[in-house]
Amino acid sequence: MRFLPLIGWLAIAWPCSAAEPALTDAELRPIIEPSLKLLTLAAKGHLDARDCFACHNQGLTVMALVKARSRRFAVDEEEITLQAEAIAAFLDSNRQKYRDGQGQGGQANMAGYALVTLQAAGWQPDETTGAVAEYLLFRHKDRDHWLGGTRRPPSEGSAFTTTYVSLAGLAAYGTAGQQERIAARRTQVLEWLRQAEPKETEDRVFRLKALQVAGASAEDRQQAAQELLAKQHPDGGWSQLDAGEPEHATQSDAYATGTALVALCEAGGLPSTDPAYQRGLSWLLKSRQPDGSWHVVSRSKPFQKYFESGFPHGNDQFLSCAATAWAVMALLEDCEQR
């Protein structure tokens, strides 16, 4: 398998000066390695217990492992392959539903995340990915953006997230015969992204990432990035919510901080050496658990029967696994590439 380029991007010029990284590459590596082992364990545990796709234990874990590989970390290559094969098989078992425009549980949010994960793992386009792309074109075709099928914040609670993964999935796996409709859909969604008002960190993060995939101007992305950066707390982190309940969601946590840093770096052009980025990394390093995980308290109501995946933190394990993956990806930006 080879890697498929998802999108191109233009770096945005940031007015702030660069700063030396808080930790060197050699110092960061032993910090990240235990986290990668935990993420791999969580992915294996999910595959042993469930046959459905999960963005928290599979999607984000695969993305983190692939990124770690690009930074010269030794990762479980066989597990990446097994996860990709399992995700592809899961989608394929519902191929006809996708062709018929029905989709499956999680709808566009799940379908888009699954395609983005396959793209990260280097999965080649096939009839199944084409069928899922066709479903994404059909889903909410009467709207100017995509809506999620479930409400499980933060990762499944924002139309910006669903819109991003849908656009990214189409960019990765749209067929030749779909390109004209994809271009039209992208133009339509871009107008919504320009006008829509994000209300919380998840919205701001994935609005910025979606603007990148939609081909927005550097000016549009600069504005979105500045809006996200403006919400950084004095302690260096980001919170899921600006205000309201539950109170813990208004305090800095690893999920919000990790997603913000990755989006600012990858879609906003903010270098990892920037002082704001380094403050975010410093907060992540201080909040890291001794076992290499980050604990984030869930604010979602239980949706399915509880099971242990091998990741710590009990009822909070799924969000904590996602948070750990994002935190690791943020830290990896400070590591040397191949």
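Preceding this paragraph is the structure being described.
As the structure is a prediction and not an experimental result, all values here were calculated from the model.

Rules and cut-offs
- Residues numbered from 1 in each chain as written.
- Predicted model: local features only at pLDDT ≥ 70, side-chain atom pairs only at ≥ 80, totals over all residues.
- Heavy atoms only, no water.
- Helix = DSSP H or I, 4+ residues; strand = E, 2+ residues; numbered from the N terminus.
- Rg over C-alpha atoms; globule rule 2.2 N^0.38 Å.
- Buried < 20%, exposed > 50% of the residue type's maximum accessible area, 1.4 Å probe, protein only.
- Areas by Shrake-Rupley, 256 points an atom, 1.4 Å probe, with all protein chains shown as cover.
- Core = buried A, V, L, I, M, F, W, Y, C linked by side-chain atoms within 4.5 Å.
- Contact = heavy atoms within 4.5 Å.
- Phe/Tyr/Trp six-rings, centres within 6.5 Å; stacked < 30°, edge-to-face > 60°.
- Lys NZ or Arg CZ within 6 Å of the ring centre and 35° of its normal.
- Salt bridge = Lys/Arg side-chain N within 4 Å of Asp/Glu carboxyl O.
- Polar contact = N/O pair within 3.5 Å; in protein donor to acceptor, adjacent residues only side chain to side chain.
- Lys, Arg positive; Asp, Glu negative; His and termini not counted.
- Axes fitted to C-alpha atoms, helices over the stretch in contact; angles between N-to-C directions.
- Parallel < 35°, antiparallel > 145°, perpendicular 65-115°, else oblique.
- Left-handed = near helix turned anticlockwise from the far one by under 90°.
- Nonpolar A, V, L, I, M, F, W, Y, C, P; charged D, E, K, R; others polar.

(A) View of the overall build of the protein. Check the secondary structure of the protein and you find 13 helices and 0 strands. Written out in order from the N terminus, the α and β elements of the protein read α-α-α-α-α-α-α-α-α-α-α-α-α. Here the C-alpha radius of gyration of the protein, 19 Å, is about what a compact globule of 338 residues would show, namely 20 Å. Looking at the protein residue by residue over its 338 residues, the buried ones come to 57%. Here the protein has roughly 14000 Å² of accessible surface; of this, 51% comes from carbon and sulfur atoms.

(B) Inspection of the nonpolar core at higher detail. Counting 101 residues, the largest nonpolar core has Ile32, Leu118 and Leu284 as its most contacted members. Those residues within four positions of Leu118 in sequence are excluded, and the remaining contacts are Ala84, Ile87, Ala88, Leu91, Trp123, Thr129 and Tyr173.

(C) Examining the packing of aromatic side chains more closely. Counted according to the given criterion, the structure contains 4 aromatic pairs. For the ring pair Tyr98 and Tyr135, a centre distance of 5.4 Å and an interplane angle of 70° mean the geometry is edge-to-face. Placement of the pair is Tyr98 in helix H4 (residues 95-99) and Tyr135 in helix H6 (residues 127-138), with a sequence separation of 37 residues. On the accessibility criterion, Tyr98 (1% relative accessible area) is buried. Overall, Tyr135 belongs to the buried group, its relative accessible area being 0%. In this structure an aromatic cluster arises from ring pairing among Tyr164, Phe206 and Trp326. Above the plane of the ring of Phe73 lies Arg29, whose end atom (NZ or CZ) is 4.4 Å from the centre. Positioned above the aromatic ring of Trp146 is the side chain of Arg185, whose terminal nitrogen or guanidinium carbon lies 4.1 Å from the ring centre.

(D) Examining unusual backbone geometry more closely. Of the consecutive residues Glu245 and Pro246, the connecting peptide bond is found in the cis state with omega at -5°. Among the structural elements, Pro246 can be located in the loop between helix H10 (218-229) and helix H11 (254-266). A positive phi angle, near 55°, is found at His140, a position not held by glycine. Relative to the helices and strands, His140 resides in the loop between H6 and helix H7 (159-173).

(E) Local environment of the environment of Leu208. Looking at the element boundaries, Leu208 is found in helix H9 (residues 201-213). Excluding anything up to four places from it in sequence, Leu208 contacts Arg221, Ala224, Ala225, Leu228, Ala263, Leu264, Ala267 and Gly268.

(F) Quick peek at the pattern of salt bridges. Counted according to the given criterion, the structure contains 20 salt bridges. Lys44 is the partner of Asp76 in a salt bridge, and the nearest nitrogen-oxygen pair spans 3.5 Å. Residue Asp76 is found in the loop between helix H2 (55-70) and helix H3 (77-92), and its partner Lys44 is found in helix H1 (residues 25-49); the two are separated by 32 residues along the sequence. Overall, the relative accessible area of 26% leaves Asp76 in the partly exposed class. Residue Lys44 is classed as partly exposed on the basis of its relative accessible area of 34%. Arg99 is the salt-bridge partner of Glu127, the closest N and O atoms lying 3.4 Å from each other. Of this pair, Glu127 sits in helix H6 while Arg99 sits in helix H4, and the two are 28 residues apart along the sequence. By relative accessible area, which is 44% here, Arg99 ends up partly exposed.

(G) Inspection of the side chain of His46 at higher detail. Here His46 shows up in helix H1. Only 3.5 Å separates the side chain of His46 from the side chain of Gln58, close enough to count as a polar contact.

(H) Structural context of the environment of Phe318. Relative to the helices and strands, Phe318 is located in helix H13 (residues 317-332). Given a relative accessible area of 18%, Phe318 falls into the buried group. Once you skip the residues sitting within four places of it in the chain, Phe318 turns out to touch His56, Asn57 and Phe307.

(I) Local environment of the side chain of Asp316. As for its position among the elements, Asp316 is in the loop between helix H12 (275-287) and H13. Look at Asp316: it is buried, it has no salt bridge, and the nearest opposite charge is Arg299 at 11 Å. Those residues in contact with Asp316, other than ones at most four positions away along the chain, are His295, Val296, Val297 and Ser298.

(J) Structural context of the packing of H6 against H7. It is at 10 Å that the axes of H6 and H7 come closest, and there the two elements cross at 140°. Comparing the axis directions of H6 and H7 gives the class oblique. The two elements H6 and H7 meet at a crossing, and its hand is left-handed. Where H6 approaches H7, its residues Thr129, Gly130, Ala133, Leu136 and Leu137 are matched on the opposing element by Ser166, Leu170 and Tyr173. Partitioning the contact of H6 with H7 into residue classes produces 5 nonpolar, 3 polar and no charged.

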